[in-house]
Amino acid sequence: MGHDANEFAVGDLDNDGETDLVTVSTSAGTINVRLGNGDGTFDSALSYNAPSPEDVAVGDINGDGFADIVASSEPGTNEECISFGGCAGFSVLLNDGDGTFGTATTTVVPFSSSIVSVDIANFAPNDGLEDVLIGAPPIISTDPAIHVFHGDGDGGFSDRTSWSVDGQGTLYDAEAANINVPSGEVSDIVAIVGPGSTSDFPRALIYSHGGSGLQASRLLGPSTIDDGEIATGDFNRDGWTDVIGMSRSSTQSNVMIWVQNAFTGNGGGAFIGPATDLAIADADEDGDLDMMFTRASDDWLVWKVNDQMFETPAVEGSFDSTSAITTRVIANDFNRDGRMDFLFLDTESEVVRLLSNTCTARYAAITLNSSPNPSIFGSDATFTVSVQQRENAPVPTGNVTLYEGSTVRGTGTLNDARNAFITISNLSVGSHTLHAVYEGNGEFGAQTSAEYVHTASAPPFGPPPNVIATGNGAANEITINWTATSDTMNYDVLRRENGGWSVIATVGGPPYVDSDVVNTSAYFYAVRSRRNNFELSGESNVDAATTATLALPGDKKIRATDITTTRSLINSLRVAVGLSAFTYTESSLTGVRVKAIHYTELRDTLNPARTLLGLAPVTFPNTVAAGQTIQRADILAIRNSMQ
């Protein structure tokens, strides 16, 4: 890969969907391009001249849809540079549209003694153009150290915005990231500096893309620092970009993590030995970003697993070759299998080494949405569970389950678009917190979505739905419940008596407890809404309840007392709807054996009362004829209709 190669970058340079590799050789003065084959291997290098390239980045500078190359340079003989008393710069190689590049053009970075970082992002609102971010420690400490060269859309630059880090110390790294908003077209800047006159420790700094300059600062440590590194990502999966800052000396590296927007969240630290570089990727396919470090003192690699913000110990390993001295690492899916691999730069052997990811339980992102939200009580709400794989991974298949807490609300099967649809029509009024679980298959591991809140709104003004009356024989009372309607001032609770409805209470909302009842009796109830004193809705559905204790004995035998109690309940319902009480065969059952006619009379006298109120007749499980035994289920069918 060339003598003294010390930096690399990756990107799709020829738009064929494969990851390509760019390396730089400082002493040879070349930028080397290797097109990827999609299997973790690369073609032979095409080399391009540039003055002393060191750091390198890939991005579309001229807006033609093809990735260009930007590399730091040292144009020490440039006339403009000499006028500044010595300075550095950067070179731009524009893509010809096929992965080959034109001649490098160099831009001077005023005041600079060297270039420590190069990045490409859009820093200007509303122009949609890529700009170049340069981190360049100045010759004089009070001069600017962070520069944004604003792209003109033609491969050149229209102007420059610069910031000084005077008093903060030496600049070690500057990277682009969306810190102030969860996502956006315009980037902020995160930098590592220090120590300086205003701080005894290294610091991580944020500069706002809005032009307000320094926005936030956090201590990094330790006090001795030879170099530093910035990495960003959503490490706690809250939708905000978090920051990792790494300061390093010859003996120790310190890693600090700050979560949430603009460093407002918590920070945590870890010591990992003298690391030289870090890369961020979900290495273990669990959906959380992990950290991979290199250590130049030996061939060791340090993998820090993100187990909800890196609570697990670091995992260390090495290449088989004892001569490997890895100084740089980058993460990408180099073999197009949908898993993130790691590419290491080995300056001792002048090669790059690919560490392929063979994690067997693949990760798929699961999201949950509903429509409409809010829904109206009694109407359908359709929940969409989406299980989306990473690029180049196979398509996930299988089933998903929708939960509210631990209660299963429904299940579905993923279609070809990796979506499952679950429809629910019985959500009660109010907020419902749900989550979805993908059970996985032989290729993908199980995943759980974030919690999702769906709201079911009250039905519009009208007869209150879902009126349910429940009797309590022990307390001698009946509770009436219903679903409240919107735009309703209060509710009339009605009870059927002597063939007509009577308002027994006017209340602000459910439930209502009717204690003006007779023991071992049954009653019909309904409710209506009242918008104001003059506008009433129609009556709700009707429900029956009883103050009798209806549980049958555990031995399942039907006794005469069971028949007698049920006769009393049915006659109270008949009288309530205006029918006459029925005279049953053998009115006194004392000492009488229960016969089929005793049951059939109950059945035949109950349904006419229900029919008069528009209630569906009770469906009986058995046809009982003379001489047949009455089953427990036969009596329960009658009693359940009055519960």
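Keep in mind the model is a prediction, meaning the values are calculated, not measured.

S.K.: So, the layout of surface pockets: which residues are in play, and what are the values?
M.R.: One way to see where empty space is left: roll a probe the size of a water molecule over the atoms. Considered as a void within the structure, the largest pocket measures approximately 1200 Å³ in volume. Lining the largest pocket are 39 residues; nearest its centre among them are Asp119, Glu175, Glu229, Ile230 and Ile330. Mapped by element, the contributors of at least two residues to the lining of the largest pocket are strand E1 (5-11), strand E5 (56-59), strand E9 (117-121), strand E13 (171-177), strand E17 (227-233), strand E21 (275-281) and strand E25 (326-332). Its residues assigned to classes, the lining of the largest pocket comprises 23 nonpolar, five polar and 11 charged.

S.K.: Provide a residue-level description of the nonpolar core, including the pertinent values.
M.R.: One finds Phe524, Ile570, Tyr599, Leu602, Ile635, Ile638 and Met642 to be the most contacted residues of the largest nonpolar core, which totals 30 residues. Counting residues per element, the ones that place at least two in this core are strand E42 (522-530), helix H2 (560-576), helix H3 (596-612) and helix H4 (632-640). Excluding residues that lie within four positions of it along the chain, methionine 642 makes contacts with Ala522, Ala544, Ala545, Thr546, Thr566, Leu569, Ile570 and Leu573. One finds Ile366, Val385, Val387 and Ile424 within the second-largest nonpolar core, a separate group that totals 20 residues.

S.K.: Outline the sheet that holds strand E10 (residues 131-135), supporting the account with residue identities and numerical values.
M.R.: By definition, the strands of a sheet pair up through backbone hydrogen bonds, in either a parallel or an antiparallel sense. Reading across the sheet, the four strands line up as E9-E10-E11-E12 and stay open at both edges, with antiparallel pairing between neighbours. For this open sheet the edge positions go to E9 and strand E12 (157-164), each flanked by a neighbour on one side alone. Along the sheet, successive strands turn relative to each other by an average axial angle of 20°, direction set aside. Sheet topology places E10 next to strand E11 (residues 144-151); four bridges connect them, and they run antiparallel. Counterpart to glycine 135 in the pairing with E11 is isoleucine 146.

S.K.: I'd like a rundown of unusual backbone geometry, residues and numbers included.
M.R.: Cis geometry is adopted by the peptide bond preceding proline 372, which originates at serine 371 and carries an omega value of -10°. Relative to the helices and strands, proline 372 is located in the loop between strand E28 (364-371) and strand E29 (375-376). Here the residue pair proline 510 and proline 511 is connected by a cis peptide bond, since its omega of -5° sits within 30 degrees of zero. We note that glutamate 285 has phi near 55°; this positive angle belongs to a residue other than glycine. Secondary-structure assignment places glutamate 285 in the loop between E21 and strand E22 (290-295). Here asparagine 476, not a glycine, exhibits a phi torsion of approximately 55°, which is positive.

S.K.: Now, about the pattern of salt bridges: what can you tell me, with residues and values included?
M.R.: Applying the stated criterion across every chain yields a total of 16 salt bridges. In this structure, the salt-bridge partner of glutamate 7 is arginine 328, at a minimum N-O distance of 2.8 Å. Of this pair, glutamate 7 sits in strand E1 while arginine 328 sits in strand E25, and the two are 321 residues apart along the sequence. Neither residue differs from the other here; glutamate 7 and arginine 328 are each classed as buried. One salt bridge connects aspartate 514 with arginine 495, and the closest N-O pair in it is separated by 2.7 Å.

S.K.: Describe the sheet that holds strand E41 (residues 512-514), and please don't skip the residues or the numbers.
M.R.: With respect to topology, three strands assemble into an open sheet ordered E37-E38-E41, the strand pairing being antiparallel. Every interior strand has two partners, whereas the edge strands, strand E37 (468-472) and E41, have only one. On average, adjacent strands in this sheet sit at an angle of 25° to one another, irrespective of strand direction. Of the pairings in the sheet, the one linking strand E38 (residues 477-481) to E41 comprises three bridges and is antiparallel in character. Opposite isoleucine 478, over in E41, you have aspartate 514 as the bridge partner.

About the thresholds
Residues numbered from 1 in each chain as written. Predicted model: local features only at pLDDT ≥ 70, side-chain atom pairs only at ≥ 80, totals over all residues. Heavy atoms only, no water. 1 Å grid on protein atoms, 1.4 Å probe; cavity = no way out; pocket = protein on both sides within 12 Å on 5 of 7 lines; lining within 4 Å. Points joined across faces, edges and corners; volume = space filled by probe spheres on them. Helix = DSSP H or I, 4+ residues; strand = E, 2+ residues; numbered from the N terminus. Nonpolar A, V, L, I, M, F, W, Y, C, P; charged D, E, K, R; others polar. Core = buried A, V, L, I, M, F, W, Y, C linked by side-chain atoms within 4.5 Å. Buried < 20%, exposed > 50% of the residue type's maximum accessible area, 1.4 Å probe, protein only. Contact = heavy atoms within 4.5 Å. Pairing = 2+ DSSP bridges. Axes fitted to C-alpha atoms, helices over the stretch in contact; angles between N-to-C directions. Salt bridge = Lys/Arg side-chain N within 4 Å of Asp/Glu carboxyl O.

Everything listed is a geometric property; what it means functionally is a separate question.
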